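# Close look at the chain arrangement
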Amino acid sequence: MSSQLAFLPASRGTLLLLRRRLQLVKRGKEVLQMRRDQLVKEVFAIMDELKKLAEAERKYLEAARRVTQLRMSRGEHDFESIASLVRPPEIDIVIVSRQGVPVPEARIVYEPDYSRVADPEYREALEKLWEAIKTMIIVANKEMEVEKLCEQLQYINRVVNSLERNLIPSLEDTLRHIEERVTEEEIEEFVRMKVVREG
Amino acid sequence: METYLVVRAHGLKTRLLGRADYEAIVRGNRSLSSFNDYRGFNEESDIKEKVNSVYRVYISRMKLLSSVAPDYGVFIDALLDRLEIENVKIQLRNIVGERRKPFFYPYGRVLAPARLSEVATENELWELLKKTPYYRGGKTPSFVTGSVAEKEFFLDNLYYLYLLQILSEGFFSKKLVPVLDVVRTEYLVRLFYWKIALGGAFQRLLDVFPKPFTVSKSAFDAMIKKLKVESEEVEDLINRRRLTELLNRLTLALIRYTEYKLRPYSVELPYIYLFNMMAYVEAKNLERVIIGLDAGLQEETILSSLVFFK
C-alpha cells in the first residue's frame, strides 16, 4: 500500500473516490497498451525498410571506392581542385513528429551542384556517390525514427509496468482494506443500533 | 655541353624506379625513403606534403639538368612550366568554385604559388598571365561557353603554344626537330581528352582558340593509329566513361612512341624531352601509390593504375 493511500479515511466517500481512480488508471493502462501496440506495429513496418541498409551500405562503399580510385588515378592536386568546383549539398536537421514522437530528421535543403565539372568520369563518380549518400540519409532517418520510437516504447512499457505491478495492486489493496473497514463499521453501527433499541 | 647534359640525364634515368621498386613499395617491403633520391621523404607527414615531396624530386632532377647546362635552361624550364600552368588551372577552379585553400604543385618560376593564391578574380588572373611568357601581350580572352573547362582548355593551348615557341626558337629549332612530332602527338592526346570532356562545344572552341598546331578532322584517328592503340579499345573506354584508363593507355603508348621516335637521338638534346616525360610519369606513379596506400586500396588496384615504361 502506498504511503499516500495509507492515510486515507475509511469512508464511503473514499471508497467511491478510490473506485473512480482505479477505473481511470485501468483505462489509462489500456490506452497506453493500445499505443504500445501501435508503436510496435510502426517499428516493425520501419524495420522492413531498414533491410535496405545493407544494400545502401554496399552502394555507398562502391561509390566511395570509385571516387578514391579516381583520386588516386588523377592525383591529389587535380582531385582537390576539381572537388572545389562542386557546390556542396546543404543538409538541415529538423524535428518531425512520427506517431506523436518527436524525431530529428536530416533533410536535403539543396543537392550538390556539379555543373561546373566537365570531366564525365568525375561527374559520374560524384553523382553515384551522392545517390549513395542520399540513400544512406534516408536509411539513417529511418534508423533514428526506430531509435526514438523504441525509446518511447521503453517509456510506455515502464509506465504500464508501473501501473500494472504497482499502482493498480496498491489501489486494489487499499480499496479492499477500506471496503472491509467500511463493512466492519456498518456492522458495528448496526449492532450498536440493535443494542440501543433492545435496551 | 649538350652531350654532358644528356649524359647526366642518362645518369638520372638509371635512378628512376622500375616495376619491381613500385611493387616493393606498394607491398610494404621497402619504403620510398630508402631510395636515394627520396631520402628526404617523410613517411610521417600528411598526404599533401608527401605528394608534393615526390614532385619536388621531379623538379629537382629537372633543375639539376637546367643547372648543368644553362644554355639549355629555357628548354628544360619550359618542360617544367607545365606544372605552373596546372597551378594556374588550380587557382582558376578555386576562384570559380568554392574557394577552399588551394593545393598547388611546389613549383613556380614566373608565377609562384604564393602569388597565384593572392589572385581573387578571373580578370586578375588573365591580367597576371599577360605578364608571363605564356600569354605575353595577349588580349583578355573572351569565352564562348564561359565554363571552367573551356578556360582550362584555353590554358592548355597557351602552354603548348609557349612550348612550341621555345622549340621553334633559333637555337633549338635545328636540334629539336624530332621533338616536334612528339609534342604534336602529346598535344593531340590532350585534345582528345578535351574532345570528350567538352563534347559538342569542342570543335567550336578549337576553331576559336589560338592553337599550336592545325588539327584536321582525321587527326585523332591518325594519332590513335600512330600510337598503335586499338580504336575499338578506345571506343570501349569512352563508352564506359573510363577516361583515366584511356588517358593512362594513351600516355603509355605516347611514351613508347616517344622512345621509338627519339631513339636515334639518345645522346642529343631530344633525349631530355623523353627523360622529362619519364620523370614526370614517375612522380605521377608515386603520387598514385601514396594516395592508394593512404586510402587503403588493394595492392592490385594501385599497381594496375601505374604506368610502367621500363
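Residues numbered from 1 in each chain as written. Chains lettered and ligands numbered in written order. Predicted model: local features only at pLDDT ≥ 70, side-chain atom pairs only at ≥ 80, totals over all residues. Heavy atoms only, no water.

### Considerations on the overall build of chain A
Applicable threshold: Only DSSP runs of H or I with at least four residues qualify as helices, and only runs of E with at least two residues qualify as strands; both kinds are numbered from the N terminus onward. Only C-alpha atoms enter the radius of gyration, while the globule expectation follows 2.2 Å times N to the 0.38, with N the number of residues. Type-normalised accessible area, obtained with a 1.4 Å probe on protein chains alone, sets the label of each residue: buried when under 20%, exposed when over 50%, and partly exposed for intermediate values. When checking whether two residues touch, look at their non-hydrogen atoms; a contact exists if any pair is within 4.5 Å. All accessible-area figures derive from a Shrake-Rupley calculation using a 1.4 Å probe, and residue coverage is judged against the displayed protein chains alone. The charge count treats Lys and Arg as positive and Asp and Glu as negative. His and the chain ends do not count. Charged groups are reduced to one reference atom each: NZ for lysine, CZ for arginine, CG for aspartic acid, CD for glutamic acid.
The helix and strand tally for chain A stands at five helices and two strands. Going from N to C terminus, chain A has its helices and strands arranged as α-α-α-α-β-β-α. Radius of gyration (C-alpha) of chain A: 33 Å, far over the 16 Å computed for a compact globule of 199 residues. Within chain A, the fraction of its 199 residues that count as buried is 34%. Sequence separation of at least 24 residues holds for 74% of the intrachain contacts in chain A that already meet a minimum separation of 6. Total accessible area on chain A is roughly 12200 Å²; 55% of this is exposed by carbon and sulfur atoms. Computed over 34 positive and 36 negative side-chain charges, the separation of the two mean positions in chain A equals 4 Å.

### So, the overall build of chain B
When you go through chain B residue by residue, the secondary structure sums to 15 helices and zero strands. Relative to a compact globule of 310 residues, whose C-alpha radius of gyration would be 19 Å, chain B shows 19 Å and is just as compact. Viewed in the frame of its principal axes, chain B has a C-alpha envelope of about 50 × 45 × 45 Å. Burial status across chain B gives 55% buried among its 310 residues. Sequence-distant contacts, at least 24 apart, represent 69% of the contacts inside chain B between residues at least 6 apart. Within the structure as shown, chain B displays about 13500 Å² of accessible surface, and the carbon and sulfur contribution to it stands at 49%. For chain B, the centre of its 46 positive side-chain charges and the centre of its 39 negative side-chain charges are spaced 3 Å apart.

### Regarding the packing of helix H1 (residues 2-13) of chain B against helix H3 (residues 47-68) of chain B
All names here are of chain B. The following threshold applies: What counts as an axis is a line fitted to C-alpha atoms, over the stretch in contact for a helix, and the angles between N-to-C directions run from 0 to 180 degrees. Angle categories: roughly parallel below 35 degrees, roughly antiparallel above 145, roughly perpendicular from 65 to 115, and oblique for all the rest. Definitions for this section: a left-handed crossing has its near helix turned counterclockwise from the far helix by less than a right angle. A right-handed crossing has that turn clockwise.
Packing of H1 against H3 brings their axes to within 9 Å, and their N-to-C directions diverge by 160°. By the angle between their directions, the pair H1 and H3 is classed as roughly antiparallel. Of the two elements, H1 crosses H3, and the hand of that crossing is right-handed. Contacts between H1 and H3 involve Tyr-4, Leu-5, Arg-8, Ala-9 and Leu-12 from the former and Arg-61, Leu-64, Leu-65 and Val-68 from the latter.

### A look at H3 of chain B
Formally: What a helix should span is 1.5 Å times the count of its residues minus one. Here a polar contact is recorded for every N or O atom pair within 3.5 Å, except that within protein the pair must consist of a potential hydrogen donor and a potential acceptor, and residues adjacent in sequence are included only if both atoms are side-chain atoms.
The end-to-end C-alpha distance of H3 of chain B, which contains 22 residues, comes to 32 Å, matching closely the 32 Å that a straight helix rising 1.5 Å per residue would cover. Measuring from the side-chain oxygen of the N-cap residue of H3 of chain B to the backbone nitrogen of Lys-48 of chain B gives 2.9 Å; that N-cap residue is Asp-46 of chain B.

### Remarks on the environment of Gly-138 of chain B
All names here are of chain B. Structurally, Gly-138 can be placed in the loop between helix H6 (122-130) and helix H7 (148-168). Given a relative accessible area of 17%, Gly-138 falls into the buried group. C-alpha separation for the pair Gly-138 and Trp-126, spaced 12 residues apart in sequence, amounts to 9.1 Å.

### Details of the nonpolar core
The following threshold applies: Here, nonpolar core means buried Ala, Val, Leu, Ile, Met, Phe, Trp, Tyr and Cys residues that are tied together by side-chain atoms lying within 4.5 Å of each other.
Counting 141 residues, the largest nonpolar core has Tyr-58, Ile-272 and Tyr-273 of chain B as its most contacted members. At 15 residues, helix H14 (residues 270-294) of chain B tops the list of elements feeding residues into this core. Once residues within four sequence positions are removed from consideration, Ile-272 of chain B is found in contact with Leu-5, Val-6, Ala-9, Leu-65, Phe-75, Ile-76 and Leu-79 of chain B. Core analysis: the second largest hydrophobic core is formed by 15 residues, Ile-46, Leu-53, Val-139 and Leu-153 of chain A among them.

### A short note on the interface of chain A and chain B
When the parts of a complex come together, some accessible area is lost, and that lost area is often used as the size of the interface. Put simply, the rule is: A 1.4 Å probe defines the accessible area here, and the buried area is the portion of it lost by two parts on being joined, summed over both. Salt bridge criterion: a side-chain nitrogen from Lys or Arg within 4 Å of a carboxyl oxygen from Asp or Glu.
If you look at the interface, chain A gives 28 residues, while chain B gives 38 residues. Of the roughly 2800 Å² buried where chain A meets chain B, counting both sides, 58% is carbon and sulfur surface. Considering only the side of chain A, the residues that lose the most area to chain B are Met-72, His-77 and Ser-84 of chain A, jointly responsible for 27% of the buried surface there. Applying the counting rule to chain A against chain B returns three salt bridges. Put simply, Asp-78 of chain A and Arg-93 of chain B hold a salt bridge, and the shortest N to O gap is 3.3 Å. Inspection of the chain A/chain B interface yields 15 residue pairs in polar contact (both at pLDDT 80 or more).

Fair warning: the whole summary comes from geometry, so function is off the table for now.
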